[in-house]
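Here is how the chains run, residue by residue.
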Amino acid sequence: MDPENALCGKKKDAALELKRQGNQCFLKGDYAPALVYYSQALQVAPMNAVDMDKNLVATLYVNRASVLLKMDLQLECLRDCNRALQISSNYAKAWYRRGKANASMGNFHDAIHDFQISKNVEVSFNGKKQVDDELKIIQRQHKRSNTVQEHSNNKLDDFDEPIQVKLHVTTSNKGRGMVSPIEIPPSSLVHVEEPYALVILKHCRETHCHYCLNELPADKVPCPSCSIPLYCSQRCQIQAGGQMLQNVPDNKEILKDLSDDLRKYVQEITLPSFADLRTDDVPEHKHECDGVHWPAILPSEIVLAGRIVAKFVGQGGVFADASNLVDMLNLSHHFSEMHADSKLECIIYSIILSSCLRQFFPSQLPVNENTISQIVILISQIRTNSISIVRMKSFDAPGSRDQSGRLSSVAPFTCNMEQVRVGQAIYTTGSLFNHSCKPNIHAYFNSRTLFIRTTAFVTVGCPLELSYGPQVGQLDCKDRLKLLEDEYSFKCQCSGCSMVHIPDLVLNAFCCINPSCCGVVLDRSIFNCENKKTKDSLTVDEQSRLEPFMLTDSFLHAGPSHCLKCGSYRNIKSSRSTVDEAWIHFTRLQQEMNSNMVSETTVSDALRALCSLKSTLHAYNKRIAEAEDNLSQAFCLLGKLEHAADHCKASIRILEKLYGENHIAIGNELLKLSSILLSVGDCNGVECIKRLSEIFRCHYGWHANTMFPFLNILEEETHKFVSTDV
């Protein structure tokens, strides 16, 4: 608990060593590592540390600004100069760097002001002359004012879309849930909510803002009090409970000779206003900076529990009664059904957490059985009700290589979209939406804010259900049931898990040995799971869709390893060996694609392996879709785009059977296909883009083009394509 030696505390010696390494890299022109060193130094530099008669933190911000300017990141350079000047407003080099950044961006009016102030506060003759020379150059250029201020990364855009319906809370066999009192069309916004409390996941601490969870810019902002959190802006840092940068006492004296105009300019930069910050929340990080930074050690869900307790106490909550906090959140939990080891783990973490929080709340948070019991139930509530905050991440596969081995700019970039978990939060109303493996709503996040939209037509009284992770088409039923029970302690009874559906039959199925039969062959575990489902309640339409794959009473007459359509027997063990042998070629193909050196021989082997898979697995088995997708990307690398398009289309046909035509997974695949088709001049690429835009807007509404900039790019390319005489 010694502040000088505490875990994650500030260390001047460590900051100076990192600064020295950054200086060495900068002098050698190695700007990327220099940026890393200066950023790391800022994380550990004490706010009151002095180095060579200058505030160390201000010096580090100026040094990093120099690197950012060399890397053509002028806006980021400008923001770092502002931060240095908020600490030390008479820092001549900070004003000079700010002037250079403004001049690079064409903000000549501001650049002239910056150089004038720099000249005024500079004490050396040579320094004044250098600034004066720069000032004369800028004054000869066209003057214009375009002040660029630090902006927050924590909002994609302002919210101005009204919620289209007020939902009702009801109780069903799943517990409390949300239902619609009216008919709701697809893509309707039905719920918007800020989190009660939120925490970043540990693997994202160096890459995402600890408050808004957006990706960190190059000029990330550290916490002034400890060395763990990083923020995308001062706005997020202060909103999380951090201190504002404090000006060094008396360092404004040197500015007294400035004109009124320049004095006002200095105040605007060195005294930023954050009057529009949210004030309804208790700062999340403030209590974690007291002494040992325990969130660095404890799991994310325990840190989230700590933030909930801190907010409860900060808003006047009392732990005198064992049910105060639990009743306030009003969330379900499954503590009584938990395994004994998990219960013991919750109790131990509760004792540790209450002891940590007591350092900040010594009188409000007594460490007794009432406090411990509430935190135990809170942890159980979090495990059942917390929502994972995700960001979409794209993985680009580069185009083909020319005859010299260099990457060609002609072939398209195929883009794979993937959801990445970056945070965990409690949304008190959002937690009321129940799970379904066939959801009719979609949840997404704009910064910290939860948005929920319908993805299908919702009838009156129909439950609105989202996916907690596993969905029909993604995992087979037995795997979904296990995952949900392990993660959330409930046995799923949604329509996707209680009735027979085509995706669950074909996802991991083998094909019938009879070439003219489309029936499925299941192994014992999948067969037993599907056999337990209700088949009598299927509608006539649903039965007709299942008919090509199985007979209505086939579970009574056929068994594992037998075709559910004609009864033919397949040796599952031998078939699995065939699939494993074929997949070796796709593993090799993936390795070559990762190194961007795909050979014709490997692709030929993979094509033969695909034929082997098709003769063994069902036509709609997900592994065939994955194989087709791998071949599509491989042909892109070889520059054979027509072949790439054919395999991409084949993959999409399978995924449409597994997920449905308007699922977001289909939109991700259409993104690849459209880029390939436009590259070869195929007008079908235009229709492909229209369809993927409709899918993304159905799931993300008016946020789609902001969250996925590639939509704007593709639509621009489409306009060029259709307006050109091809």
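Residues numbered from 1 in each chain as written. Predicted model: local features only at pLDDT ≥ 70, side-chain atom pairs only at ≥ 80, totals over all residues. Heavy atoms only, no water.

As annotated in an unreviewed UniProt entry, the chain is SET and MYND domain-containing protein 4 isoform X2 from Cucurbita moschata.

Considerations on the overall build of the chain
Each helix and strand counted, the chain has 27 helices and 16 strands in total. Classification of the 726 residues of the chain by burial places 53% in the buried group. Partitioning the contacts of the chain with sequence separation of at least 6, the portion at a separation of at least 24 is 69%. Counting every atom, the chain has about 32900 Å² of accessible surface; 51% of that belongs to carbon and sulfur. (Helix = DSSP H or I, 4+ residues; strand = E, 2+ residues; numbered from the N terminus. Buried < 20%, exposed > 50% of the residue type's maximum accessible area, 1.4 Å probe, protein only. Contact = heavy atoms within 4.5 Å. Areas by Shrake-Rupley, 256 points an atom, 1.4 Å probe, with all protein chains shown as cover.)

Some details on empty space enclosed by the protein
Applying the stated criterion across every chain yields a total of two cavities of 30 Å³ or more. Lining the largest cavity, in full, are Val199, Ile200, Arg205, His210, Ile228, Pro229, His285, Glu288, His293, Pro295, Val303 and Arg307. Within the residue set of the lining of the largest cavity, elements represented by two or more residues are strand E6 (197–200) and helix H10 (300–314). Grouping the amino acids of the lining of the largest cavity by side-chain chemistry returns six nonpolar, three polar and three charged. Roughly 80 Å³ of internal volume is contained in the second largest cavity. Contributing to the lining of the second largest cavity are 13 residues, with Met47, Tyr61, Pro222, Pro224 and Leu245 lying nearest its centre. Among the secondary structure elements, those contributing two or more residues to the lining of the second largest cavity are helix H3 (56–70), strand E7 (221–222) and helix H8 (234–239). Looking at the lining of the second largest cavity residue by residue, the classes come out as ten nonpolar, two polar and one charged. (1 Å grid on protein atoms, 1.4 Å probe; cavity = no way out; pocket = protein on both sides within 12 Å on 5 of 7 lines; lining within 4 Å. Points joined across faces, edges and corners; volume = space filled by probe spheres on them. Nonpolar A, V, L, I, M, F, W, Y, C, P; charged D, E, K, R; others polar.)

Brief notes about the nonpolar core
Ranked by size, the top nonpolar core spans 74 residues in total, and within it Leu505, Phe586, Leu589, Leu613 and Phe696 carry the most contacts. If we skip the residues at most four places from it in the chain, Leu589 touches Val598, Thr602, Val603, Ala606, Asn630, Leu631 and Ala634. If you look at the next biggest cluster of nonpolar residues, it comprises 54 residues, including Val44, Cys209, Cys236 and Val266. (Core = buried A, V, L, I, M, F, W, Y, C linked by side-chain atoms within 4.5 Å.)

Topic: the packing of helix H22 (residues 622–638) against helix H23 (residues 641–659)
Between H22 and H23, whose axes approach to 8 Å, the crossing angle comes to 155 degrees. Here H22 is positioned roughly antiparallel relative to H23, judged by the angle of their axes. For the pair H22 and H23, the sense of crossing is left-handed. Contacts from Lys622, Ile624, Ala625, Glu628, Asp629, Leu631, Ser632, Phe635 and Cys636 of H22 reach H23 at Leu641, His643, Ala644, His647, Cys648, Ala650, Ser651, Ile654, Leu655, Leu658 and Tyr659. Taken together, the residues of the contact of H22 with H23 break down into 13 nonpolar, four polar and three charged. (Axes fitted to C-alpha atoms, helices over the stretch in contact; angles between N-to-C directions. Parallel < 35°, antiparallel > 145°, perpendicular 65-115°, else oblique. Left-handed = near helix turned anticlockwise from the far one by under 90°.)

Brief notes about the environment of Tyr37
The topology assignment puts Tyr37 in helix H2 (residues 31–44). With relative accessibility at 23%, the residue Tyr37 sits in the partly exposed group. For the pair Tyr37 and Lys19, spaced 18 residues apart in sequence, the C-alpha to C-alpha distance is 6.5 Å. Sequence-distant contacts of Tyr37, that is, excluding residues within four places in its chain, are made with Leu18, Gln21, Gly22 and Cys25.

Overview of the pattern of salt bridges
The full count for this structure, using the stated rule, is 31 salt bridges. Where Asp132 meets Lys119, a salt bridge forms, and the shortest distance between an N and an O atom there is 3.0 Å. In this pair, Asp132 sits in helix H7 (residues 125–140) while Lys119 sits in helix H6 (residues 108–121), placing the two residues 13 residues apart along the sequence. Since its relative accessible area comes to 32%, Lys119 is described here as partly exposed. Residue Arg448 pairs with Glu284 through a salt bridge whose shortest N-O separation is 3.1 Å. Residue Arg448 is located in the loop between strand E12 (441–446) and strand E13 (449–454), and its partner Glu284 is located in the loop between helix H9 (260–270) and H10; the two are separated by 164 residues in the primary sequence. The exposure class assigned to Arg448 is buried, which follows from its relative accessible area of 2%. Looking at Glu284, the relative accessible area reads 10%, which means it is buried. Salt bridges here are not isolated pairs; linked through shared partners, they connect Arg64, Arg79, Asp80, Arg83 and Asp219. (Salt bridge = Lys/Arg side-chain N within 4 Å of Asp/Glu carboxyl O.)

Description of the sheet that holds E12
What the three strands build is an open sheet, ordered E5-E13-E12; its pairing is antiparallel. Strands with a single pairing partner mark the edges of an open sheet, and in this sheet they are strand E5 (189–193) and E12. Mean inter-strand twist for the sheet, computed between neighbouring axes without regard to direction, equals 20 degrees. Relative to E13, E5 is paired through four bridges, and the arrangement is antiparallel. By the bridge assignment for E13, His191 is matched with Ile452. (Pairing = 2+ DSSP bridges.)

With respect to unusual backbone geometry
Even without glycine at this site, Ser187 takes up a positive phi of about 70 degrees. Mapping Ser187 onto the fold places it in the loop between strand E4 (175–179) and E5. Non-glycine residue Asn330 carries a positive phi angle of around 55 degrees. Position of Asn330 among the secondary structure elements: in the loop between helix H11 (324–329) and helix H12 (340–358).

Topic: H2
For H2, which comprises 14 residues, the first-to-last C-alpha distance of 20 Å matches the rise-based estimate of 20 Å (1.5 Å per residue) to within 8%. Its buried side turned inward, H2 meets helix H1 (12–28), H3, E7 and strand E8 (230–231). (Expected span 1.5 Å × (residues − 1).)

Some details on a nonpolar patch on the surface
Among the surface-exposed residues, Leu344, Ile348 and Ile352 lie close enough to one another that they form a single nonpolar patch of about 250 Å² accessible area. Mapped onto the elements, Ile348 comes out in helix H12. (Patch = residues over 30% accessible without salt bridge, like charges linked within 9 Å, V, L, I, M, F, W, Y side chains within 5 Å.)

As for the pairing of E13
Along any regular strand, the residues point their side chains to alternate faces of the sheet. Burial of E13 is extensive: six of the six residues sit out of reach of the surface. Here E13 shows no split at all, with Thr449, Phe451 and Arg453 on one side and Leu450, Ile452 and Thr454 on the other all buried. Hairpin remark: E12 followed by E13, antiparallel, with two residues in the connecting loop; positive phi at Ser447, about 60 degrees.

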